[in-house]
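# Structural overview for review
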Amino acid sequence: MGRYIVKRLLTAIVAFFGITIITYILASLMPGTPLDMLVQPGSGLSAEEIAEIEHRMGLDQPLIVQYFYWLGNMLQGNFGTSYSQYRPVWDLLMDRIGPTLLLSISSLVIALLIAVPLGTIAGYKAYSGWDYGSTIIAFIGRGAPTFFVALLLIYVFSIQLGWLPASGMYDAGSTGSFTQLVAHMALPCATMVLANIGVFTRQMRNSAVECLSEDYIRTARAKGMSEKTVLFKHMLRNALQPVVTSAGLALPSLVGGSIVIEQIFAWPGMGTLMLRSIQGRDYPTIMGITVLISVVVLVGNVLLDILYRLLDPRIGDKA
Amino acid sequence: MKQSKTIVKDAYLRDTIERFTRHKMAVVGLVVLVLEIVLLFLLPVLLGSKPNEITPYFSAAPSAEFPLGTDTTGRDLLARLLYGGQTSLGIGLLAVLVQAIIGIPLGIIAGYYRGTAEVVIMRLADIFNSIPNMCLNLVLVTVFSPSFWTIVMVIGITGWPSFTRLLYSSVLSIREKEYVEAARAIGTKNSTIMIQYILPNALSPALVAFTFGVPSAILSESALSFLGLGIQIPQSTWGNMLNAAQSLAVVATQPWMWIPPGLCILITLISINLFGDGLRDALDPKTKVG
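Residue positions are given per chain, counting from 1 as you read along its sequence in written order. Both sets of labels track the order of writing: A upward for chains, 1 upward for ligands. Residue-level local features of this predicted model are given only where pLDDT is at least 70; pairs of side-chain atoms are given and counted only at 80 or more, and the full residue set underlies all totals for whole chains, interfaces and linings. Here the side-chain values reflect all heavy atoms present in the structure, with hydrogen atoms and water set aside.

### A few points about the overall build of chain A
Working definition: helices are DSSP H or I runs of at least four residues, strands are E runs of at least two. Numbering for both runs from the N terminus. On a plain count of helices and strands, chain A comes out with 12 helices and zero strands. Helices and strands in chain A line up, N terminus first, as α-α-α-α-α-α-α-α-α-α-α-α. Projected onto its principal axes, the C-alpha coordinates of chain A cover approximately 90 × 55 × 35 Å. For every residue, the accessible area obtained with a 1.4 Å probe (protein chains only) is divided by the maximum for its type, and the residue is called buried under 20%, exposed over 50%, and partly exposed between those limits. Residues classed as buried in chain A amount to 47% of the 319 residues present. What makes two residues a contact is simply this: any of their non-hydrogen atoms within 4.5 Å. Of the contacts made within chain A by residues no fewer than 6 positions apart, 72% connect residues no fewer than 24 positions apart. The protein chains shown are the only cover counted for residues, whose accessible areas, like all others here, come from Shrake-Rupley with a 1.4 Å probe. Approximately 15,700 Å² of chain A is accessible, and the part contributed by carbon and sulfur atoms is 66%. Lys and Arg are tallied as positive, Asp and Glu as negative. Neither His nor the chain termini are counted. A charged residue contributes its charge at one atom only: NZ of Lys, CZ of Arg, CG of Asp or CD of Glu. Across chain A, the mean location of the 21 positive side-chain charges is 18 Å away from that of the 19 negative side-chain charges.

What follows is the structure in structure tokens.
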């Protein structure tokens, strides 16, 4: 296990460098240079003064030197200064990552808490009304664009019924309480849960069907164990593994999808910051968000891979 | 010899079609899809729709003249829905084609040569996979200003790893088959083996990946356009029609502006997914139809 973790961490580090290289290349392709942002036309600076600024910022160095300069700074927590908000990007990211993680992780957990029992029942009673019902839910969940679901939820629950707020994290102008947070989180969270629940339920159902036909289940039943023990002790642990895998695969789209959802619900997370930075061509912030979001996904995948190993010790050290 | 080959091919095709038609929901998906495409291309001609014509009726509710109402600048929403559907479907198909053109060769090369090629290509796929597609799409549209073809390329560039992974894993088993070994033994060139022996046998998974790629490409395009960073007005897509609903007032009082394009995306994605499920089961005789 220890050896596996070390190996998995090494591949994650390689991936991290890959991510930074891709981000850097893309940022350097973006129209306009950082200099254009700092030196406005008509600033009255002489050519020498501009060259001096360029030199101080390292912009006269070759691209590869600039990359290592940026990487080195970033590893020390210095992501540069936001062009549009004149604050360190790191501070902006730290303000925003909490709300994004809160929304994504609670949605993932809630989706799994609903999908696992639902899928297990559907698999246990395969080809019953339950099964077909969950299939239909799964199909709609897979086909529904999150932003459309979000708009429908706002239309029904905020506008028609007036039950839940449609934007922000707390009521405007208030210090914010836990109840307010839950109320504000309900709709964005429901959107994300609906987007993911279908795939998880389907996966759980299929793997439950498969597990129930295994020999060890027949053996357990033949030994006269109660159906409850068979289901919860023998089947569930094995049937959960593919669901863990698909939760890992869903992670990038979950975090990516949260960008759109945050925008609709004016959730003060990384997604809204990303879109605002894109509109303001705030490159240091765009780069910082891309790297940080990717690192969150990377760490999430490493943790899920390790969890997968813990669930099934039979897998060798081959991967 | 040639005749026997066609007989085998016909039999395979017939079996595949038979397995597909046993999947009732998949047939429903296909019928809805065909009907939708026919309507999207036929109706604008029959109705003489003008999607960009600005009429004096701003934000008009559905009426006999404008069955789906008009938008905030007075354009006919039915016309925009029909032309928007053509654009959305077109981008979906072309973007997945780009993904396939990048992803399939890389997957075959990684699976066939293994070694360094495998490590480099599969690591690159991992890296692309850990940057959320939406995030990469947003950065790319900032670099290349959005238009029909740049959106196609952007979604194509971000989505290739799914093809590569799938092709890679099926090539790993194909390369161990006797016919590949035989071809190698008689000194066939690697490129010939890959194109003539491996590619045809990896086509089924590629076709399935293609089918499932289209809905996610349509989803990416509509998300970008919804955010105002995709296809730009006056050209319409289902996504940028939904952009009007960024304002809560529109969501609340003018549902005709955002419900029809949303429903169109929903119906399209569900039918393609249903069709894809049927296709996957039909192409793989090992899975049971259920």
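What follows continues from the structure just given.
### Brief notes about the packing of helix H10 (residues 203–226) of chain B against helix H13 (residues 259–283) of chain B
All names here are of chain B. The contact between H10 and H13 brings their axes to 9 Å, and the two run at 170°. By the angle between their directions, the pair H10 and H13 is classed as roughly antiparallel. Contacts between H10 and H13 involve Ser204, Leu207, Val208, Thr211, Phe212, Val214, Pro215, Ile218, Leu219 and Ser222 from the former and Ile265, Thr268, Leu269, Ile272, Asn273, Phe275, Gly276, Asp277, Leu279, Arg280 and Leu283 from the latter. Note on geometry: axes are C-alpha line fits, over the in-contact stretch for helices, and angles between N-to-C directions span 0 to 180 degrees. Here is the rule for angles: anything less than 35 degrees is roughly parallel, anything more than 145 is roughly antiparallel, 65 through 115 is roughly perpendicular, and the remaining ranges are oblique.

### Comments concerning the interface of chain B and chain A
Each partner contributes residues to the interface: chain B has 41 residues there, and chain A has 42 residues. Any pair of N or O atoms that falls within 3.5 Å is considered a polar contact. Within protein, one atom must be able to donate a hydrogen and the other to accept it, and sequence-neighbouring residues count only if both atoms are side-chain atoms. The tally of links between chain B and chain A comes to zero residue pairs in polar contact (both at pLDDT 80 or more). Only helix H4 (115–130), helix H5 (133–143), H10, helix H12 (248–253) and H13 of chain B provide two or more residues apiece to the side of chain B that touches chain A. No other element matches H13 of chain B, which puts 10 residues into the side of chain B that touches chain A. Here the side of chain B that touches chain A is composed, by residue class, of 31 nonpolar, eight polar and two charged. In this classification, the charged set is Asp, Glu, Lys and Arg, the nonpolar set is Ala, Val, Leu, Ile, Met, Phe, Trp, Tyr, Cys and Pro, and all remaining amino acids, among them Gly, are polar.

### So, the nonpolar core
What tends to happen in soluble globular proteins is that the nonpolar side chains get buried as a cluster. Think of a nonpolar core as a cluster: buried Ala, Val, Leu, Ile, Met, Phe, Trp, Tyr and Cys residues, connected wherever their side-chain atoms sit within 4.5 Å. Residues Leu138 and Trp258 of chain B are the most contacted members of the largest nonpolar core, which totals 141 residues. The element contributing the most residues to this core is helix H3 (residues 77–113) of chain B, with 13 residues. Ala208, Ile217, Val230 and Ala239 of chain A belong to the second largest nonpolar core, which has 13 residues in total.

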